[in-house]
Structures are given as C-alpha cells and as structure tokens.
Amino acid sequence: MACTDSSARREIVHYSRKVHASGLVCATDGNLSLRLDDSRFMITPSGVRKEDISEEMLLVMNMEGDVLEGEGRPSTEYKLHREVYRRRPDITAVIHAHPPKAVAFTIAGRRLDTGLLPECVVTLGNVPVAPYALPGTEALPRSMTELICLSDVVLLARHGSVTAGTSLGEAFKKLEKLEQCAQIQLYAEALGGPKPFSSREIADLEGLRGHYGVNSRTMSFGEA
Ligand SMILES: [Zn+2]
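Conventions and cut-offs
- Residues numbered from 1 in each chain as written.
- Predicted model: local features only at pLDDT ≥ 70, side-chain atom pairs only at ≥ 80, totals over all residues.
- Heavy atoms only, no water.
- Salt bridge = Lys/Arg side-chain N within 4 Å of Asp/Glu carboxyl O.
- Helix = DSSP H or I, 4+ residues; strand = E, 2+ residues; numbered from the N terminus.
- Donors = N, O, S within 2.8 Å, 3.2 Å for Na, K, Ca; no water.
- Polar contact = N/O pair within 3.5 Å; in protein donor to acceptor, adjacent residues only side chain to side chain.
- Contact = heavy atoms within 4.5 Å.

A.B. asks: Quick question: what am I supposed to make of the pattern of salt bridges here?
C.D. replies: Close approach of charged atoms allows side chains with opposite charge to pair. With the rule as written, the count across this model stands at 16 salt bridges. Here E83 makes a salt bridge to R87, at a shortest N to O gap of 3.0 Å. Taken together, the residues E83 and R87, both in helix 2 (residues 78-87) and four residues apart, mark about one turn of the helix. Sharing partners across several salt bridges, the network here consists of R88, D90, D152, K174 and R217.

A.B. asks: Just checking my understanding: could you explain the coordination of the zinc ion for this structure?
C.D. replies: By definition of the ideal shapes, a tetrahedral metal site with four donors has angles of 109.5 degrees and an octahedral site with six donors has angles of 90 or 180 degrees. The zinc ion binds to the protein through H96 (NE2), H98 (NE2) and H159 (NE2), with metal-donor distances spanning 2.1 Å. Each donor residue of the zinc ion belongs to the same chain, with the gaps between them written as H-x1-H-x60-H.

A.B. asks: Teacher, can you tell me more about the side chain of N62 here?
C.D. replies: The residue N62 is located in strand 3 (residues 59-62) in this model. Of the polar contacts made by the side chain of N62, one reaches the backbone nitrogen of E64; its length is 3.0 Å. Sequence-distant contacts of N62, defined by excluding residues within four places in its chain, comprise S39, R40, F41 and L68.

Laid out in structure tokens, this is it:
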C-alpha cells in the first residue's frame, strides 16, 4: 500500500535513526526509501549520516530518476531502490544497509546460512548473494535484478544488503534478522561449527509460513 507524503517522511526519519542506532550502517552509508505511488518514491539524501536525517532533507523522485521535490542530491544508490520498485510492484519499502557481520561472510567467501534458526528459515528463507558490482553505478542494480524478483532479502557481495517489504518496519525486521543470523553463525563457528537442520526440519519450518502469516517472498533451501 502506498503512503502519503507526510507519513512517509516521518517513517523514513524514524527508521533511518533505527538503522544507524542498530549498527547496520556507519558514517553516511546506506539509504532508505518508500514508494509513494506507481511513479514516485521518497528517498534519503546523499552524504548525510542516517542519525542526522530530518524530514525536510528527503527527496521525491520519479522512476526516470528525476528529483521532483527536495534540495540536495538523492542517495547515489537510488537506482538500486528504483530497480526494486520496477521489478516488484508488491513492494512499498526498501532499505539498503551495510550490516557488518553479514557482509563479512561475503568477503570471506563463506556462505551465510540463514537456515540454522527457525525464525530465519521462516522469515528470510535462503538469502541469495549478488556478485560484487561497482557501488553507485548501473552495474549494482543489474547485479541483483533477478535475485530481488525471487527474494525480499539479497546480500550484495563486499558491500551490503537490500531488504524489501510492504512497510519500512517489515524491511527493517528482515535486516535485523539477517544480521542476527550472521552473529549467531559466527558464535556457532567459534564453538566448533553449526549443526544444520535436516531437510525434513527445514521443510516443516517452511510449511509454517502460512500459519504465521508470513507473506514475504523467499527462496527455498532447495534452490541455489
Ligand atoms: Zn551501500
């Protein structure tokens, strides 16, 4: 569901501060956006710490990449957000963050296994990793186009994450869960290595999505 401009401003400022306070971005990294209607979205500006974002700093853009409202420059990754809205008409909110532990897995060339905890199987599914692409260029949205069609959560190699939802609250919850999975996997590695669920246990958990009303798009653990 699309939002009004004033509620979108409040929501983006609220979640920008939460993303910063949760350590999921640092310095001026990351960006948040909300779809306003079929042809416009609101996004955070470039070069501002997420804790310092205020409502009047936000920019409204169209799908052609023109700034319709607001001073200053939009986030350099606006193309990433636009790509999600173009490919996923069901999506209203997008957060691009740099969750440090989740990204560390991509740098080490290790798989972040989102299938180790029940709630991660249910809410995140099997999170795909987009290959490295030069930040701020057209290559970045291109690197994740196919994956965002399959999953609301995509890791970007050596860079960050994209989480999408029907609200910023939903997108933020997926981002928090992703980083929590990475942290617990790191603890388990330190304790001798995680013991995976059986495929039966995974299938049982995947079967719970309907029961919990989870309607996010996820990849199954049987997929690549
Ligand atoms: Zn980034």
